[in-house]
Amino acid sequence: MIDLWHFIISNQGEILNQTVQHIGLTFISLLLAVIIGIPLGLLATRYDKVSGPLLGVVGVIQTIPSIALLGFMLPLLGIGALPAIVALFLYALLPIVRNTYSGINEVDEAVIEAARGMGMTGGQILQKVEMPLAMPVIFAGIRTATVINVGVATLCALIGAGGLGKFIFRGIALNNMVMIMAGAVPAALLALGFDFVLGYFERNFSRLVKPISYGLAAVLVFISLYSVSSVFAKSEFKAGMPPEFLERADGYQGLIKSYDLGDVPTVEMDASLMYDALKNGKVDVIVGYSTDGRIKAFDLKVLKDDKHYFPPYQCAPILKQRFAETHPDVVNAINKLAGKIDTPTMTALNSKVDYDKKDEAEVARGFLQKQGFKTTVDRNGEPDMLIGGKLQTEQFILAHMYQMLIENYTHLDVGLRLGLAGTQIVFRALTNNEIQMYPEYTGTGMHVLLDTDKATADSLGNNPRAVYDYVNQGMLQQFGIQWLKPLGFENTYALIMRRKQAERLGINTISDLVDYLKHR
Amino acid sequence: MITLNNVTKVFGDTTAVDGISFHVEDGELFGLIGTSGCGKTTTLRMINRLIEPTSGTISIDGRETTAQRSEILRRQIGYVIQNVGLFPHYSVQQNIATVPRLLNWDERRIQSRSEEMLQLVGLDPNTFAERPPASLSGGQQQRVGLARALAADPPILLMDEPFGALDPITKQQVRSEVSQMLKQIHKTIVLVTHDVFEAFEMCDRLCLLNRGEIQQIGMPKELLFQPANDFVESFFASNRFQVELLSVTLADILKSEQGKTELYWSPPLEEENGEEIRKEESLYAILYKLEKAANDNPVIIKRVDGQVRESLGFSALLNRFQQYKLQIKSGGHRD
């Protein structure tokens, strides 16, 4: 709690900024949903033919998982505030449309009949009878939409729209509880605050409607536009980076220092959405992984790390020493793959999954068969061990390969726990015996898991062999975790651009990029 | 005067109202009766254009109702429905003020008119004006509904089963009070009901509908004693005796005498000065009074020019009633 307090104090500027962005995203999308949703709901009450399809469509939108909806937005609207607001707007639509529809429909027939019989016009009936009577139900819909939107708006950090989700996702990536709380607590308070304000507004609707609604709307629109405009602001050259990179010791800050990189406008976004954003020209450079299959598939170019800023990221399986000692047959089976996969091979395998849309298990099987291994997986009952993996495609492929090898060359049954988000989460699962092994990268081991100081890191000179030995020793001592033999490929962080743009600008190395940015 | 001329209403493939024509005279209480689905409510709702006729014309005081916007028309016609339809978000007073507000009356006039209307329907303005409709009993709500319909003093009042949602005891009470009140205010009223007693008790003339067609129009006793067809005859069969008593007045069964006839009802036979009875009262009401009397042999005393001529008990009244019926059926003179 004290940590959280310190964190909040020292980051108050950013928290405030994110909160304002969050309010902006939520409020603009909500306002749009109210302005469009209520008339749509009314339309549905007036035309029976409209109501079925309309409620169906808004209902289906609601069932799309939020991250998927953001993914759909990407090719259409790119990144930033606009797609976030559109997605939030779509989510807010269902409760508002549906509650308007049912609120109006629930008004007693006899009351409407009496109103017509007394000579009220359609507009007067709507304004004086139907809307006031449906108002509690409509307000309930708006309040539901608000709470949903405050929650979903956290996800918008993944497409560079900012908001409190920034802290939450960085926190998850780094397993930093304080950072997660610094995003989650204000978000929860915002939801409560919005709900309270709307509740008050509802109770005093008739009295407040005119004076306050205009004032409040004006103020909030102003704040919203102000805060979102900063995200909307177009710059010529933009960088996209995943939340984890922005916070890591071997991440953004170090990169700026090593290359004397000025302030590049940076958009924080989900690692898996980043490549599409680059391909579609929404950003111009991203920090990705050098083996990602989309580099090949989207015709992207990895910039050469000419100052050797990024440490070597040799990939090797890690497991508990105790487990390795008690399961020599497993270690043997795993080591069958040692040195067998170089970087181009891994990139090509990734590309088969990412671009050719092949199944990870099939890609793994194809490779192993070519190498002459047995690949039958005959799982029955509870697995004897579990293999973990992070979100990157190659982690899926490798995990399947290890599963096939262990199943065929030992008597153990192997299960998989894949797609775990973030290094800390997978690693903690390993130390807690929730999984027994996963493929890790030496550079990550050095900077994230061992938290190596700069002097020590420098002394290793980014020499792959030295780094491997260092992390193996260090982690044995600190965690009782052992590194097995490297697979042969490296998956380093890499600055990636569109090949055509890089060639047009004559950029081959990170230094070229720095030069270009300085003399732009 | 309301005039329907060859009015037809078709919904899809069903003809709800089939070429009907009638006049409603000023100040008359005109009843539309018939079984459910006979077209009576449709007919009523065509008068204030809640339903537009498929063909035919409806005029009020010689002017076709389609000559003005339907909302404007409806503001000049009071409308009372079975489920009342009070606005739950308005107070009683605001409910009553609805049409005056639509007509842009000034606030003070609206205020005084609302109070006047509440008094008219027998509700104390101080107690009821600010209450929400939900806090009122069914009978009170119906009275407020009536007050609301009359607030802008429309010359015409349309009532669709106005007592249909009330329990039998409340219904009887509200109905007789409303009947009394309607007689004072002199409106042209069209009442839809499926309740034969209600129709006979309240209406000056009746229009019996079946399957969208008029079977007979006339005074209640004409429908009873000179039915136009078998349907009219059979419509009243199940409670014939009761409605006959309702439709026949004392004046009908007592031969007219020269001079001034006075009627008194007198529980103790000896007493000469009882309560005076109006000759227009129905035989049903008279028998009901006699039946309630405390003594063995209650009678009505008939005096002509101050002289006691007759004293009439149950059997004498029923005898005369029987003679009167025979007389009418044989087409003989009646008075």
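What counts as what
- Residues numbered from 1 in each chain as written.
- Chains lettered and ligands numbered in written order.
- Predicted model: local features only at pLDDT ≥ 70, side-chain atom pairs only at ≥ 80, totals over all residues.
- Helix = DSSP H or I, 4+ residues; strand = E, 2+ residues; numbered from the N terminus.
- Buried ≥ 20, exposed ≤ 12 C-beta atoms within 10 Å, placed from the backbone.
- Contact = placed C-beta atoms within 7 Å.
- Core = buried A, V, L, I, M, F, W, Y, C linked by C-beta atoms within 7 Å.
- Pairing = 2+ DSSP bridges.
- Axes fitted to C-alpha atoms, helices over the stretch in contact; angles between N-to-C directions.
- Parallel < 35°, antiparallel > 145°, perpendicular 65-115°, else oblique.
- Nonpolar A, V, L, I, M, F, W, Y, C, P; charged D, E, K, R; others polar.
- Left-handed = near helix turned anticlockwise from the far one by under 90°.
- Arc of directions from axis to C-beta.
- pLDDT = per-residue confidence, 0-100.

Student: Report on the overall build of chain B, specifying residues and quantitative values.
Tutor: When you go through chain B residue by residue, the secondary structure sums to 15 helices and 14 strands. Out of the 335 residues belonging to chain B, those deemed buried represent 39%. Partitioning the contacts of chain B with sequence separation of at least 6, the portion at a separation of at least 24 is 67%.

Student: Tell me about the overall build of chain A, and name the residues and values.
Tutor: Broken down by element type, chain A carries 25 helices and ten strands. In chain A, of all internal contacts separated by at least 6 residues, the share reaching a separation of at least 24 is 80%.

Student: I'd like a rundown of the nonpolar core, residues and numbers included.
Tutor: All names here are of chain A. Of all hydrophobic cores here, the largest spans 171 residues; its most connected members are Leu-88, Ala-92, Ile-159 and Ile-496. Per-element tally for this core: the top contributor is helix α5 (residues 81-105), with 15 residues. With sequence-adjacent residues up to four places away left out, Ala-92 is seen in contact with Ser-29, Leu-30, Ala-33, Ala-145, Ile-148 and Asn-149. In terms of nonpolar packing, the next biggest core, distinct from the first, is built from 51 residues, Tyr-313, Ala-333, Tyr-441 and Phe-489 among them.

Student: Would you mind going over the sheet that holds strand β2 (residues 266-268) of chain A in detail, with residue names and values included?
Tutor: All names here are of chain A. With mixed pairing, the five strands of this open sheet are ordered in space as β2-β1-β3-β10-β4. Looking at which strands have only one partner, the edges of the open sheet turn out to be β2 and β4 (300-302). Strand-to-strand twist of the sheet, defined as the mean angle between neighbouring strand axes without regard to direction, takes the value 35°. Across three bridges, β4 lies against strand β10 (residues 493-498) in antiparallel orientation. Pairing of Lys-301 across the sheet is with Met-497, part of β10. Set on the sheet, helix α13 (residues 271-279) makes contact with β1 (239-241), β3 (285-289), β4 and β10; between it and β3 the angle comes to about 140°.

Student: Give me unusual backbone geometry: which residues, what numbers.
Tutor: Positive phi, normally seen in glycine, also occurs at A:Asn433, with a value near 65°. Residue A:Asn433 is classed as exposed on the basis of its C-beta count, with 11 C-beta atoms lying within 10 Å. Even without being a glycine, B:Asp61 presents a positive backbone phi close to 50°. Residue placement: B:Asp61 occurs in the loop between β4 (55-60) and β5 (63-64).

Student: An account of the pairing of strand β7 (residues 156-160) of chain B is needed here, citing residue identities and associated values.
Tutor: Residue and element names in this part refer to chain B. Burial within β7 is extensive, with five of its five residues counted as buried. By the alternation rule, side chains of β7 split into Ile-156, Leu-158 and Asp-160 and Leu-157 and Met-159, which are all buried. Bridging between strand β6 (residues 77-81) and β7 involves five bridges; their strand directions are parallel. The residue of β7 that forms the bridge with Ile-81 is Asp-160.

Student: Describe the packing of helix α17 (residues 343-354) of chain A against helix α19 (residues 393-409) of chain A, and please don't skip the residues or the numbers.
Tutor: All names here are of chain A. Their axes nearest at 9 Å, the elements α17 and α19 cross at an angle of 100°. When the interaxial angle is binned, α17 and α19 end up roughly perpendicular. Contacts between α17 and α19 involve Met-346, Leu-349, Asn-350, Val-353 and Asp-354 from the former and Thr-393, Glu-394 and Ile-397 from the latter. Each residue belonging to the contact of α17 with α19 can be placed in one class, and the counts come to four nonpolar, two polar and two charged.

Student: Residue-level account of the interface of chain A and chain B, with values.
Tutor: Contacts between the two partners involve 14 residues from chain A and, on the opposite side, 17 residues from chain B. Secondary structure elements with two or more residues in the side of chain A that touches chain B: α6 (109-117) and α7 (122-155) of chain A. Here the element with the most residues in the side of chain A that touches chain B is α6(A); it accounts for six residues.

Student: Explain the environment of A:His411 to me, using residue names and the numbers behind them.
Tutor: Residues and elements named next belong to chain A. By the secondary structure assignment, His-411 is in the loop between α19 and β7 (414-417). You can call His-411 exposed: it has 8 C-beta atoms within 10 Å. Sequence separation between His-411 and Val-330 is 81 residues, and the spatial gap between their C-alpha atoms is 9.2 Å.

Student: Before we move on, can you summarise the pairing of strand β9 (residues 205-210) of chain B with the specific residues and values?
Tutor: In summary, the side chains of a regular strand alternate between the two faces of the sheet. Residues and elements named next belong to chain B. As paired elements, strand β3 (residues 29-33) and β9 share four bridges and run parallel to each other. Counterpart to Ile-33 in the pairing with β9 is Leu-208. In terms of strand pairing, β9 meets strand β10 (residues 213-218) through five bridges, oriented antiparallel. Residue pairing in the sheet places Leu-209 in a bridge with Ile-214 of β10. The turn joining β9 and β10, which pair antiparallel and follow one another in sequence, is formed by two residues; a positive phi near 50° is taken by Arg-211.

Student: How would you summarise the packing of helix α2 (residues 12-46) of chain A against α7(A) if you had to cite specific residues and measurements?
Tutor: Residue and element names in this part refer to chain A. The N-to-C vectors of α2 and α7 enclose an angle of 145°; their axes lie 10 Å apart at closest approach. For α2 against α7, the interelement crossing comes out right-handed. Between α2 and α7, the contacting residues are His-22, Leu-25, Thr-26, Ser-29, Leu-30, Ala-33, Val-34 and Ile-38 on the first element and Ile-138, Ile-142, Ala-145, Thr-146, Asn-149, Val-150 and Ala-153 on the second. By residue class, the composition of the contact of α2 with α7 is ten nonpolar, five polar and no charged.

Student: Lay out the sheet that holds strand β2 (residues 14-24) of chain B with the relevant residues and their values.
Tutor: Residue and element names in this part refer to chain B. Across the sheet, four strands lie side by side as β2-β1-β4-β5; this open sheet has antiparallel pairing. Among the strands making up the open sheet, the edge pair consists of β2 and β5. Bridge count for β4 against β5 is two bridges, and the pairing is antiparallel. Residue pairing in the sheet places Ile-60 in a bridge with Arg-63 of β5.

Student: Can you lay out the environment of A:Thr345 for me, pointing to particular residues and giving the numbers?
Tutor: Within the element layout of this structure, A:Thr345 appears in helix α17. Here the alpha-carbon distance between A:Thr345 and A:Phe367, two residues 22 residues apart in the chain, equals 9.7 Å.

Student: Run through helix α18 (residues 360-370) of chain A, naming residues and quoting values.
Tutor: Residues and elements named next belong to chain A. Along α18, the positions that sit buried rather than exposed are Glu-360, Val-363, Ala-364, Phe-367 and Leu-368. Looking down the long axis of α18, one finds its buried residues gathered within 130° of arc, a one-sided arrangement. Facing away from the buried side of α18 by more than 90 degrees, the exposed set consists of Gln-369 and Lys-370. Each element contacted by the buried residues of α18 is listed here: α17 and α19. A positive backbone phi angle near 85° is found at Gly-372, which sits one or two residues after α18.

Student: Go over the confidence of the model for chain B with me, naming the residues and quoting the values.
Tutor: All names here are of chain B. Taken as a whole, chain B shows an average pLDDT of 87; of its residues, 93% reach a score of 70 or greater. Mean pLDDT across the secondary structure elements of chain B bottoms out at strand β11 (residues 261-266), with 68, and peaks at β3, with 95. Reported confidence for the predicted complex is 0.82 by ipTM and 0.69 by pTM.

Student: Account for the environment of B:Ile72, with residues named and values stated.
Tutor: Turning to its location among the elements, B:Ile72 is positioned in helix α2 (residues 70-74). We classify B:Ile72 as partly exposed; it has 13 C-beta atoms within 10 Å.

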